[in-house]
Amino acid sequence: MASSTFSSPFHLHRLTPTSPSTPKTRTKLNLRHTSTPTLLRATLSDPLVLQIAETLEDSISTLSSSSSPTLQKLRDTSSESLLTMSWPTRKDEQFRFTDTSFIKHSQIHPVSNPIPTSKSDLVALSADTQFPNLLIVDGVIVNCLSPFGGLPGGVFVGPLSSVSSEVISKRVLEFVSEFHDGDLFWSLNGVGAPEVTVVYVPEGCRVEESLYLRFYSSENGDVGSNYLPMSNPRVLVVVEKGGEIGIVEEYLSGDEDKCYWTNSAMEISIGEGGKVSHSYIQQQSVNAAHIKWTYVRQESSSTYEHVEVSTGGKLGRHNLHVQQVGPDTVTEMSTFHLCVHDQTQDLHSKLVLDHPRGSSKQLHKCIVAHSSGQAVFDGNVKVNRYAQKTDAGQLTRSLLLEPRATVNVKPNLQIIADDVKCSHGASISDLEEDQIFYFSARGIDSNTARRALILSFGAEVIARLPSDSLRKQVQNHIKGLLNPASK
Amino acid sequence: MAASLLQTPFSLSCLSNLPSNSLIFTNSTLLSLHLPSRTTTRPNRLSLKANVSLTNNSPLTTTSTSGLSDNEKGKVLLEVKDLTAVIAESKQQILKGVNLVVREGEVHAIMGKNGSGKSTFSKVLVGHPDYEVTGGSVMFKGENLLEMAPEERSLAGLFMSFQSPVEIPGVSNISFLQMAVNARREKLGLPPFDTLQFYGFLSPKLAAVKMDAGFLDRNVNEGFSGGEKKRNEILQLAVLGADMAILDEIDSGLDVDALQDVAQAVVGLLTPTNSVLMVTHYQRLLDYINPKYVHIMEDGIIVKTGDISIAKQLEEGGYKSISPA
Ligand SMILES: Nc1ncnc2c1ncn2[C@@H]1O[C@H](COP(=O)(O)OP(=O)(O)OP(=O)(O)O)[C@@H](O)[C@H]1O
Ligand SMILES: [Mg+2]
């Protein structure tokens with residue numbers, strides 16, 4: 001079912017990347033005036049976007065962190081692309097079902113003070129895991145002091161500013177902001193990121209313990225105040241040839257009644273034969289906006305395993321883009337979305353296969369258990385001309401538990417190569433009456449049965465999380481959402 | 001009897017020392033049942049079975065009629081009168097006036113051709129939403145069964161093993177059983193079992209139905225073989241107990257050994273006060289669990305009732321040999 005190619009408005013501005021050797025000076029002028037011919041053709045359309053970008057730049061320049069060539073490259077490429085972008089509307093294919101207007105109509109403020117929360121709170125947040133973990137508050141690492149005892153030599157985890165190795169600096173500069181098909185939010189992150197958290201795994205190095213990156217928003221507005229602090233965490237993961245690491249990216253809630261906007265981005269580069277197991281857990285406040293980009297670049301024979309469980313946010317939007325840059329790659333993407341509130345969970349994924357013998361499996365499952373809840377899935381797998389012998393499977397299953405609950409799913413395989421094995425399936429259903437009856441026939445009331453079945457629906461995805469403690473934590477969180485009384 | 005849920009099972013090794021015609025134990029468990037092995041001659045087994053009476057370990061048994069050895073005069077447990085039912089969706093009538101009385105301690109069998117309505121009858125009794133009762137009445141333990149929700153019927157002591165149990169991916173067998181047992185305990189005002197306590201409660205039941213503990217961590221019925229599903233149904237019966245167990249083709253799909261295991265487990269659950277209604281096509285099962293009455297169902301009604309000899313007649317001459325009474 002090779003279906004429609006989306007005409008993304010963001011394809012218009014494909015710029016020749018700024019050469020890293022001649023970084024432009026970053027000034028606001030970059031946003032207002034431009035002299036490159038490419039940009040002249042573009043319309044400087046959206047004053048709102050420019051205004052947000054400007055305030056972001058202001059907030060960044062007040063930070064003392066000296067600007068490295070890497071940050072410079074990131075900010076320059078991002079500001080340039082912003083010039084041609086406008087705030088997405090429902091007319092844009094990528095946002096057809098996803099309403100971002102509540103963000104637009106809020107007073108967006110970049111977070112001002114990166115570490116205002118008292119130390120004790122933060123210690124509590126970072127203490128409850130035995131794994132190496134980084135706590136990232138409003139985009140800034142706050143516990144970089146924690147010794148990464150569990151990490152082998154040569155591995156670097158920390159802020160860009162404390163990278164001392166030449167080799168790592170060079171690689172980081174090479175890969176940062178390497179992706180050019182992002183949208184407005186990708187670019188806003190690039191402009192507003194206060195620093196880049198770097199994870200570097202050298203050649204042949206296998207990191208046994210999963211690394212936890214725990215994100216937290218400390219600045220927030222009250223519901224109804226219209227005040228929306230925005231943070232822009234950014235992470236770059238570089239795994240060299242044969243290296244392996246597991247990353248657990250966790251977005252914590254904070255106060256459920258508070259409003260904030262997390263606009264996060266992660267870039268992952270996996271070298272030949274390398275492997276990244278990436279878990280992404282989104283449990284932010286039900287009044288928060290959570291927009292997230294993940295860009296993955298897979299060299300030959302590398303493996304990328306992604307497991308997402310998103311339950312939080314008024315709007316949760318994940319853009320996952322996986323680009324194959326060599327043959328024999330393995331890609332597995334599993335997602336579980338749960339909407340128990342008036343909220344939207346959205347996954348836009350795109351896997352581009354340009355080389356032979358790639359194998360990819362994608363499983364998307366979502367439950368909408370609220371009458372004004374919504375789940376959106378646009379899963380594109382592109383099997384290009386040279387990607388012969390690709391084996392691609394895609395499956396999406398949705399469960400609608402309330403009368404007006406909605407899902408918009410668009411699994412799509414675009415196949416240009418001719419010798420490929422592709423399968424896909426989509427189903428939307430209600431809970432199986434026969435299953436509920438089986439519970440009642442054993443004396444279990446239908447509410448308990450419903451909860452068990454909802455949990456079981458997501459269990460397939462949750463089971464793929466890498467550790468028992470994480471699976472338990474996620475399961476308990478979902479149990480709490482389904483049964484608020486027992487919390 | 002609710003207390004039986006709390007107690008650690010003990011082995012009744014004294015079984016063989018007791019007179020064989022009126023064995024009454026309290027708080028026993030399935031483990032305590034020592035049937036003769038398969039190598040024993042049939043008459044022996046049957047006569048022992050007929051006289052063994054173990055007190056129900058159902059958490060819900062409220063009647064206490066200990067000492068009752070003559071189950072001829074048992075109280076009426078289930079009374080079905082002129083029951084008619086249709087398929088809810090199509091309104092097609094399936095049950096056309098079923099009459100049946102089951103007393104405490106009795107074993108009944110229903111036989112009948114494919115499609116005659118046996119499973120429909122069983123499912124209507126436990127309140128399956130696919131069917132709508134259009135007439136008649138059903139009293140269970142003196143209460144109007146038809147007014148009760150399916151889970152209430154179960155909690156009241158009515159159990160049905162499904163002919164084709166549904167698979168529930170993502171829910172482990174053990175957590176399903178734990179939910180079911182805790183629902184009963186809640187009804188009795190008892191605190192729920194935690195996982196450890198539950199495991200202690202469960203393991204003798206598992207042994208009684210000779211089921212591998214590995215099945216506990218698997219998802220309910222998912223990927224189970226036909227026989228494993230049946231055994232799992234009996235495990236549920238053993239765990240939950242029942243005053244009245246309806247077993248819909250518990251014997252189909254079982255190999256010889258499995259049939260014996262399952263039959264032994266069912267026999268082990270028999271007491272002077274609880275009853276079994278078996279739906280079966282074969283005499284085989286009836287040899288293990290000797291029914292007092294055999295009913296023949298045809299096109300939604302019971303057309304003939306007799307003793308075990310009907311089953312034999314059927315085995316030899318088929319349904320044409322049985323003339324409606
Ligand atoms: N939910 C349903 N939808 C449609 N038809 C049904 C349904 N339930 C029962 N029937 C029909 O009612 C009739 C009786 O079915 P039932 O399953 O009760 O038969 P049975 O006596 O148990 O047969 P078997 O010996 O094959 O198990 C059959 O013709 C069957 O197709
Ligand atoms: Mg049947």
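What you see is a predicted model; the values in this text were computed from it and never measured. Within any chain, residue numbers begin from 1 and follow the written order of that chain's sequence. The order in which chains are written sets their letters, starting at A; the order in which ligands are written sets their numbers, starting at 1. Thresholds applied to this predicted model are a pLDDT of at least 70 for local features of residues and 80 or more for the giving and counting of side-chain atom pairs; totals over whole chains, interfaces and linings are not thresholded and use all residues. Water and hydrogen atoms were dropped before computing side-chain values, which therefore reflect all heavy atoms in the structure.

Asks: Looking at this model, I keep getting lost on helix α8 (residues 256-269) of chain B. Mind explaining?
Replies: One full turn of an α-helix is made of 3.6 residues, so residues set three or four places apart face in the same direction. Residue and element names in this part refer to chain B. A rise of 1.5 Å per residue sets the reference length of α8, with its 14 residues, at 20 Å; its end C-alpha atoms lie 20 Å apart and thus fit the reference within 8%. Among the 14 residues in α8, twelve count as buried, and that is most of the element. Listing the buried residues of α8 in full gives Ala258, Leu259, Gln260, Asp261, Val262, Ala263, Gln264, Ala265, Val266, Val267, Gly268 and Leu269. The backbone nitrogen of aspartate 257 lies 3.0 Å from a side-chain oxygen of the residue at the head of α8, namely aspartate 255. Here a helix means four or more residues in a row that DSSP labels H or I, a strand means two or more in a row labelled E, and each is numbered from the N terminus. Here, expected helix span is obtained from the residue count minus one, scaled by 1.5 Å. Buried means the residue's accessible area, taken with a 1.4 Å probe over protein chains only, is under 20% of the maximum for its type, while exposed means over 50%, and partly exposed covers the values in between. Two N or O atoms count as a polar contact when they lie within 3.5 Å, although within protein this holds only if one can serve as hydrogen donor and the other as acceptor, and sequence-adjacent residues are included solely when both atoms are side-chain atoms.

Asks: How should the environment of tyrosine 282 of chain B be read in this particular structure?
Replies: Residue and element names in this part refer to chain B. Examined against the element boundaries, tyrosine 282 turns out to sit in the loop between β10 (275-279) and α9 (283-288). Taking the C-alpha atoms as reference points, tyrosine 282 and glutamate 315, separated by 33 residues in sequence, lie 7.3 Å from one another. Apart from residues no more than four positions distant in its own chain, tyrosine 282 is found in contact with Met111, Asp251 and Glu315. Contacts are assigned to residue pairs that have any heavy atoms within 4.5 Å of one another.

Asks: Please clarify how unusual backbone geometry should be interpreted in this entry.
Replies: Generally, phi is negative for residues other than glycine and the peptide bonds are trans, each holding for most cases. With a phi close to 75°, asparagine 226 of chain A is a non-glycine residue in the positive phi region. Within the secondary structure, asparagine 226 of chain A is located in the loop between β7 (221-222) and β8 (227-231). Asparagine 226 of chain A sits in the partly exposed class, given a relative accessible area of 37%. In this structure, lysine 141 of chain B is a non-glycine residue whose phi angle is positive, near 50°. Tracing the backbone shows lysine 141 of chain B in the loop between β4 (131-140) and β5 (143-144).

Asks: Looking at this model, I keep getting lost on the coordination of the magnesium ion (ligand 2). Mind explaining?
Replies: A four-donor tetrahedral metal ideally has 109.5 degree angles, and a six-donor octahedral metal ideally has angles of 90 or 180 degrees. Residues and elements named next belong to chain B. As a rule, N, O and S atoms within 2.8 Å of a metal are its donors, except that Na, K and Ca use 3.2 Å; water is not among the atoms, so sites may look incomplete. Protein-derived coordination of the magnesium ion (ligand 2) comes from Ser119 (OG) and Gln163 (OE1), at a distance range of 1.9 to 2.1 Å. Highlighted residues: serine 119 in helix α2 (residues 118-125) and glutamine 163 in the loop between β6 (158-161) and β7 (168-172), separated in sequence by 44 residues. Overall, glutamine 163 belongs to the partly exposed group, its relative accessible area being 32%.

Asks: Just to check I follow, could you spell out the UniProt feature "domain: SUF system FeS cluster assembly SufBD core" (unreviewed entry) in chain A for this structure?
Replies: UniProt positions are given in the numbering used here, feature names are shortened, and annotations may be inferred rather than shown by experiment. What UniProt calls "domain: SUF system FeS cluster assembly SufBD core" (unreviewed entry) maps, in this numbering, to residues 229-457 of chain A. Across residues 229-457 of chain A, the secondary structure splits into 9% helix and 59% strand, with the terminal C-alpha atoms separated by 35 Å.

Asks: What is the right way to read the sheet that holds β4 of chain B from this model?
Replies: Backbone-to-backbone hydrogen bonds pair the strands of a sheet. The strands run either parallel or antiparallel. Residue and element names in this part refer to chain B. By this definition, two strands are paired if DSSP reports at least two bridges between them. As summarised here, the arrangement of the four strands in space is β2-β1-β4-β5, forming an open sheet in which the pairing is antiparallel. The two strands at the open ends of the sheet, each matched to only one other strand, are β2 (93-103) and β5. Where strand β1 (residues 76-87) lies against β4, eight bridges are found, and the strand directions are antiparallel. Bridged to threonine 84 within β4 is glycine 135.

Asks: Help me understand the pairing of strand β6 (residues 211-216) of chain A, please; the structure alone is not making it clear to me.
Replies: Within a regular strand, side chains alternate between the sheet's two faces. Residue and element names in this part refer to chain A. The buried count for β6 comes to six of six residues, which makes it a mostly enclosed element. Along β6, one buried face is formed by Leu211, Leu213 and Phe215 and the opposite face, lined by Tyr212, Arg214 and Tyr216, is buried too. Here five bridges tie strand β2 (residues 133-137) to β6, and the two strands are oriented parallel to one another. Residue pairing in the sheet places leucine 135 in a bridge with arginine 214 of β6.

Asks: Looking at this structure, I do not really get the site of ligand 1. What am I missing?
Replies: Residue and element names in this part refer to chain B. Inspection of the region around ligand 1 gives 15 residues, with Gly115, Lys118, Ser119, Thr120 and Tyr131 positioned closest. Separating an oxygen atom of ligand 1 from a backbone N or O atom of glycine 115 is a distance of 2.8 Å. One of the side-chain N or O atoms of glutamate 249 is found 3.3 Å from an oxygen atom in ligand 1. When the free accessible area of ligand 1 is taken as 630 Å², the share hidden by the protein chains comes to 65%. Classifying every residue of the shell around ligand 1 gives three nonpolar, eight polar and four charged. Near, as used in this document, describes a residue that has one of its heavy atoms within 4 Å of the molecule or strand being considered. With residues, only the protein chains shown are counted as cover, and all accessible areas are computed by Shrake-Rupley using a 1.4 Å probe. When residue character is reported, Ala, Val, Leu, Ile, Met, Phe, Trp, Tyr, Cys and Pro are called nonpolar, Asp, Glu, Lys and Arg charged, and the others, Gly included, polar.

Asks: Help me understand the sheet that holds β2 of chain A in this model?
Replies: Residue and element names in this part refer to chain A. If you walk across this open sheet you meet the ten strands as β3-β2-β6-β10-β13-β15-β17-β19-β21-β23, and the pairing is mixed. Whereas interior strands pair on both sides, the edge strands pair on one side only; in this sheet they are β3 (140-141) and β23 (421-429). As judged from the nine bridges shared by strand β21 (residues 391-400) and β23, these two strands associate in the parallel manner. Its bridge partner being in β23, leucine 395 is matched across the sheet by glycine 425. Each axis is a line fitted through C-alpha atoms, and for a helix only the stretch in contact is used; angles between axes span 0 to 180 degrees, taken between their N-to-C directions. Where helix α10 (residues 446-462) meets the sheet, its contacts fall on β15 (303-310), β17 (330-339), β19 (359-368) and β21, and the angle it forms with β19 comes to roughly 155°.

Asks: Honestly, the packing of aromatic side chains in this entry has me stumped. Any pointers?
Replies: To describe a pair of aromatic rings, one takes the distance between the centres and the angle between the planes. The aromatic pairing rule takes the rings of Phe, Tyr and Trp, using the six-membered ring of Trp, and pairs them if the centres are within 6.5 Å, calling planes under 30 degrees apart stacked, those over 60 edge-to-face and the rest tilted. Within the structure shown, the criterion is met by 18 aromatic pairs over all chains. Between tryptophan 87 of chain A and tryptophan 261 of chain A, the ring centres sit 6.1 Å apart and the planes meet at 70°, which makes this aromatic pair edge-to-face. Of this pair, tryptophan 87 of chain A sits in the loop between α4 (69-82) and α5 (101-104) while tryptophan 261 of chain A sits in strand β12 (residues 261-270), placing them 174 residues apart in sequence. Judged by relative accessible area, which is 0%, tryptophan 261 of chain A ranks as buried. In this structure an aromatic cluster arises from ring pairing among Phe437, Tyr438 and Phe439 of chain A together with Phe162 and Phe176 of chain B.

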